Structures are given as structure tokens and as C-alpha cells.
Amino acid sequence: MNLSNLKPAEGSTKTRKRIGRGPGSGLGGTSTRGHKGAKSRSGYSKKIGFEGGQMPLQRRVPKFGFKNINRVEYKAINLETIQKLADAKNLTKVGMNDFIEAGFISSNQLVKVLGNGSLTTKLDVEANAFSKSAVAAIEAVGGNAVKL
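It should be emphasised that the depicted structure is a prediction, and the values quoted were computed from it without experimental measurement.

Asker: If you had to explain the UniProt feature "domain: Large ribosomal subunit protein uL15/eL18" (unreviewed entry) in the protein to someone new, which residues and values would you point to?
Answerer: Cross-referencing UniProt, the feature "domain: Large ribosomal subunit protein uL15/eL18" (unreviewed entry) maps to residues 77-145 in the present numbering. With 39% helix and 25% strand, residues 77-145 has end C-alpha atoms that lie 14 Å from one another.

What follows is the structure, encoded as C-alpha cells:
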């Protein structure tokens, strides 16, 4: 046995149906497309969602909602999270790079500091936005909330 006499197992392969190769094949003429109509034409492709002329589902179902294209999406980080981060890394100033290194955000995300939890150490916090309660809590322990 060598590469020249290898062949597939018996019955494992079939010859493909060759349509449009003349009347002798039995598959000439209309080439299995039937007579007339859009599906028999060259270049025919059915539109996605086409339902044979019936009003398609995406047009029957009512539309609703509104997506504001000017919406600014912030990643929320609470004061308790910032306190844990400051304790773990012994920080006095917490900025965007610290959040990225800790894995809270990716480099292109914006941060909003929220006032959930409490601060025990004086911290300078840098972020894109702050809630009123977060600013009050940061300034209550003598820190600064720096808006970027």
C-alpha cells in the first residue's frame, strides 16, 4: 500500500448533482428551478425577513423607545471601594491610573465616584464626575475631589 492507491471507503462519497448540463442528464432546461417566478431568475436573493409578500414581522411589531446618542456613560465606583484600594496600596492620592491598574475600569472608560460607604483616611480623589454625597464625604475627612 502506498499513496497512489489510497481511496475513500466504499459508499462514503457521492457524486454531486450537476444541474444545467443538457437534456440528457434529466437536470437541464429549468435546472431544478421550476417555471417562471422570482426564484427561477438569475441574481435572485430573498430579502432577510421576507415573508412571501405578507407584512414582515419587523414591520408589524410596534416600535418604541429612544436611544440618546449624546449619552455619557460612566463607570460607578463607590467610596468604600476607593477606601479598600487606598488601604491595600497605601495611597494618599487615588486617580484614574489606580483604577485601571486595579482592574475596575479600562483605559477608555469614564469614572463617577458615588457616596456609598465611608472614607476613614484623607484622600485626594481624581475622577470624571462625583455625586454630591461623595464630594461631601471626601471633604469631611479633609480630602479633595478633583474633577478631570
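Asker: An account of a nonpolar patch on the surface is needed here, citing residue identities and associated values.
Answerer: Residues M1, L3 and L6 make up a contiguous nonpolar surface patch of about 450 Å² in total accessible area. Structurally, the position occupied by L6 is in the segment before α1 (57-60).

Asker: An account of unusual backbone geometry is requested, with residue identities and associated values reported.
Answerer: With phi around 65 degrees, T32 is a residue other than glycine that occupies positive phi space. Among the secondary structure elements, T32 is positioned in the segment before α1. A positive phi angle is found at N90, which is not glycine, with a value near 60 degrees. Following the sequence through the fold, N90 ends up in the loop between α2 (79-89) and β2 (93-94).

Asker: Report on α2, specifying residues and quantitative values.
Answerer: Burial in α2 covers these residues: L79, I82, Q83, L85 and A86. Down the axis of α2, the buried side of the element spans an arc of 165 degrees, and every buried residue falls inside it. Opposite the buried face of α2, at more than 90 degrees from it, the exposed residues are K84 and A88. Among the residues trailing α2, N90 stands out with phi positive, at a value near 60 degrees.

Asker: Requested: an account of the nonpolar core, with residues and values cited.
Answerer: Among the nonpolar cores identified, the biggest contains 18 residues, and I82, V94, F99, V111, V113, L123 and V125 are the most heavily contacted of them. Breaking this core down by element, the ones donating at least two residues are α2, α3 (96-102), β3 (110-114), β4 (124-127) and α4 (132-140). Sort the elements by how many residues they give to this core and α2 lands first, with 4 residues. With residues near it in sequence (within four places) discarded, V125 still touches I82, V94, V113, F130, I138, N144, A145 and V146.

Cut-off values and rules
Residues numbered from 1 in each chain as written. Predicted model: local features only at pLDDT ≥ 70, side-chain atom pairs only at ≥ 80, totals over all residues. Heavy atoms only, no water. UniProt positions renumbered as here; feature names shortened; annotations may be inferred. Helix = DSSP H or I, 4+ residues; strand = E, 2+ residues; numbered from the N terminus. Patch = residues over 30% accessible without salt bridge, like charges linked within 9 Å, V, L, I, M, F, W, Y side chains within 5 Å. Areas by Shrake-Rupley, 256 points an atom, 1.4 Å probe, with all protein chains shown as cover. Salt bridge = Lys/Arg side-chain N within 4 Å of Asp/Glu carboxyl O. Buried < 20%, exposed > 50% of the residue type's maximum accessible area, 1.4 Å probe, protein only. Arc of directions from axis to C-beta. Core = buried A, V, L, I, M, F, W, Y, C linked by side-chain atoms within 4.5 Å. Contact = heavy atoms within 4.5 Å.

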